[in-house]
Amino acid sequence: MAESRILIVDFGGQYNQLIARRVRECGVYSEIHNYDEVDAASVRAFSPDGIIFTGGPQSAYGEGAPSIDDGIFSLGIPVLGICYGAQLMAYRLGGSIDSAPTSEYGRTEVTIDDKGGILAAADDVNTCWMSHTDYISCPPEGFVITAHTDDCPVAGMEDRKRGFYAVQFHPEVNHTEHGAEFIRSFVLDVCGCSQDWQMDSFAETQIQAVREKVGDGRVLLGLSGGVDSSVVAALLARAVGPQLTCVFVDHGLLRKNEADEVSEVFGSGKLFDLNFIRVDAADRFYSKLAGVTEPESKRKIIGEEFIRVFEETAKKIGRVDFLAQGTIYPDIIESGLGKSAVIKSHHNVGGLPDYVDFREIIEPLRMLFKDEVRQLGRELGLPEYLVSRQPFPGPGLGIRIIGEVTAEKVRIVQDADAIYREEIARAGLAGSISQYYAALTNMQTVGVMGDFRTYDHAVALRAVITSDFMTAEAAHLPWEVLDRVMTRIVNEVDHVNRVFYDLTSKPPGTVELE
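The sections below set out a description of the structure shown in this document.

1. Quick notes on the state of the cysteines
Stage number 1. The tally for this structure, following the rule as stated, stands at zero disulfides.
Stage number 2. Not engaged in a disulfide, the cysteine C83 finds its nearest cysteine sulfur in C152; these two sulfurs lie 9.5 Å apart.
Stage number 3. No disulfide involves C191; its sulfur sits 5.1 Å from the nearest other cysteine sulfur, which is in C193.

2. Overview of the sheet that holds strand β9 (residues 164–167)
Whenever strands of a sheet pair, they do so through backbone hydrogen bonds, lying parallel or antiparallel.
Stage number 1. Pairing is mixed in the open sheet, where nine strands are placed in the order β2-β1-β3-β4-β9-β8-β7-β5-β6. The open sheet has two edge strands with one neighbour each: β2 (29–34) and β6 (125–138). Strand after strand, the sheet turns through a mean of 20° between neighbouring axes, direction not considered.
Stage number 2. Where strand β4 (residues 79–82) and β9 come together, four bridges link them in parallel fashion. Of the residues in β9, the one forming a bridge with V79 is F164.
Stage number 3. This element, helix α3 (residues 84–92), spans β3 (50–53), β4, β5 (96–112), β6, β8 (156–159) and β9 of the sheet and lies at about 120° to β4.

3. A closer look at the nonpolar core
Stage number 1. The biggest cluster of nonpolar side chains holds 81 residues, and the ones touching the most others in it are V187, F266 and L376.
Stage number 2. Tallying contributions element by element places helix α6 (residues 227–240) first for this core, with ten residues.
Stage number 3. Residues L220, I412, V496 and V499 belong to the second largest nonpolar core, which totals 46 residues.

4. Looking at the environment of N126
Stage number 1. Relative to the helices and strands, N126 is located in strand β6.
Stage number 2. In this structure the C-alpha to C-alpha distance between N126 and T108, which are 18 residues apart in sequence, comes to 8.2 Å.
Stage number 3. Excluding its chain neighbours within four sequence positions, the residues that come into contact with N126 are T108, E109, V110, I112, E177, H178 and F182.
Stage number 4. At a separation of 2.6 Å, a polar atom in the side chain of N126 contacts the main-chain carbonyl oxygen of E177.

5. Re the packing of aromatic side chains
Stage number 1. Inspection of the entire model under this criterion finds 13 aromatic pairs.
Stage number 2. Ring plane angle 15° and centroid distance 5.5 Å describe the contact between F266 and F272, whose orientation is recorded as stacked.
Stage number 3. With centroids separated by 5.5 Å and ring planes inclined at 65°, the aromatic side chains of Y329 and F369 adopt a geometry described as edge-to-face. In this pair, Y329 is assigned in helix α10 (residues 329–334) and F369 in the loop between β14 (360–362) and α11 (370–379), connecting sequence segments 40 residues apart.

6. Brief notes about the packing of α6 against α11
Stage number 1. The geometry of α6 relative to α11 is characterised by a closest axis approach of 10 Å and an angle of 40° between their N-to-C directions. Classified by the angle their axes make, α6 and α11 are oblique. Helix-helix and strand crossings are classified by hand; for α6 and α11 the assignment is left-handed. In this structure, α6 uses V227, D228, V231 and L235 to contact α11, whose residues at the interface are K370, V373, R374, L376 and G377.
Stage number 2. Its residues placed into classes, the contact of α6 with α11 shows five nonpolar, one polar and three charged.

7. Brief notes about the packing of helix α5 (residues 199–214) against α11
To characterise two packed helices, one gives the angle between the axes of the helices and the distance between these axes.
Stage number 1. At a closest axis distance of 9 Å, the pairing of α5 and α11 adopts a crossing angle of 75°. The angle between α5 and α11 falls in the class roughly perpendicular. Here M199, D200, F202 and A203 of α5 come into contact with α11, specifically with E372, Q375, L376 and E379.
Stage number 2. The class makeup of the residues in the contact of α5 with α11 is four nonpolar, one polar and three charged.

Parameters at a glance
- Residues numbered from 1 in each chain as written.
- Predicted model: local features only at pLDDT ≥ 70, side-chain atom pairs only at ≥ 80, totals over all residues.
- Heavy atoms only, no water.
- Disulfide = S-S within 2.5 Å.
- Pairing = 2+ DSSP bridges.
- Helix = DSSP H or I, 4+ residues; strand = E, 2+ residues; numbered from the N terminus.
- Axes fitted to C-alpha atoms, helices over the stretch in contact; angles between N-to-C directions.
- Contact = heavy atoms within 4.5 Å.
- Core = buried A, V, L, I, M, F, W, Y, C linked by side-chain atoms within 4.5 Å.
- Buried < 20%, exposed > 50% of the residue type's maximum accessible area, 1.4 Å probe, protein only.
- Polar contact = N/O pair within 3.5 Å; in protein donor to acceptor, adjacent residues only side chain to side chain.
- Phe/Tyr/Trp six-rings, centres within 6.5 Å; stacked < 30°, edge-to-face > 60°.
- Parallel < 35°, antiparallel > 145°, perpendicular 65-115°, else oblique.
- Left-handed = near helix turned anticlockwise from the far one by under 90°.
- Nonpolar A, V, L, I, M, F, W, Y, C, P; charged D, E, K, R; others polar.

What follows is the structure, encoded as structure tokens:
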């Protein structure tokens, strides 16, 4: 797809996705491969312009610690080591690694000693993000020390002649000043990569690839209405048109007007020539959820019922040749890449459904990050309100309603959420907030409205800032915006008399309330 590429070797680091994203932000394709699947032969086959070693939780000198084929250092390909990757590079090339007298975690002042390599954009003292208990006590022969801290003698080292670069800190996280520029310098200046990873060329390539794979076959897609499945639907429609059937299950737990918006985009025939089946199953889901209050039980019920509805509909269609899914790269990574830790399981990864008769899975987005999926959606002509739609959990409003889910509660949270999103957009804040939504608490409070005592529901507002959703901070929304949202909700949404704003960060909280 792209001529230039960077290979990212994963040693169990928690920020491996961020490294790949930073590389792609340079307009260069990158892939993450687990360390025990990488040797000199596989590297030659992949043919990268550069290699990046990620961080990891172990000691490079420890028994059974993740290691690397030394032959990789003889391929003439530039290598950047980050944190554990830096220590491993030093250890394998003859340097010394020791347990640090003082561990470094979080923001750390790093003194830059040499800006002749990838640290050219750094300040003399740069704030960087550290997370290590070992350190490089002596660099290998041929390396110059490029940075240090009060407690870490080698916070950066480079052997520019051989193309080896290492930093003890994490340049991929936002907390590191100029970190993205350090990665950009390695990728573009040291590796000489061409910036040929663009969504317009990706769309053309994938459309052609799908056409060749599908031929005259039939494709089935479960369309949730979310960004990922919508982009898959648009891409497949461009590729095979009426050979595609999209089944949209409206479980009654979507945001206000969302089901109709999805139907208008994919079912009207105005934008895409495909077969669209909408199944209105709200009452069925509400019935199954009656009396259920435990969050995981709600998730399980919603997921299982969705499968049953999809299965019933798919059987009416008959045999299909391909089942399409909206799997994206973070799904694969988080579900366990090689021997990396599993962050969470994803329904698109790790098993094929047995309720549809098909011969092969199609996952055209499996190598894309979410921001790239949105870019692709724009290239394919999807409307902006769908492409830029806020992240939305699979169980929908079922986990944004604390306690039992009812049709009345769904209406309340839909109306409150619509007001919240409208006011955020009106204030010009939508682009600066990672995720925001309204939820319905399981409490009722006393209030006074129109000289009458009320005893009604309380709505909670949530808005967070995050780069990776692994950690998040509550957004500091202007008071006048919150005040306007509160006023509108209590005035316009029946049976709500109180509005809260959730200030909890992640950790200790999570982005969703359940």
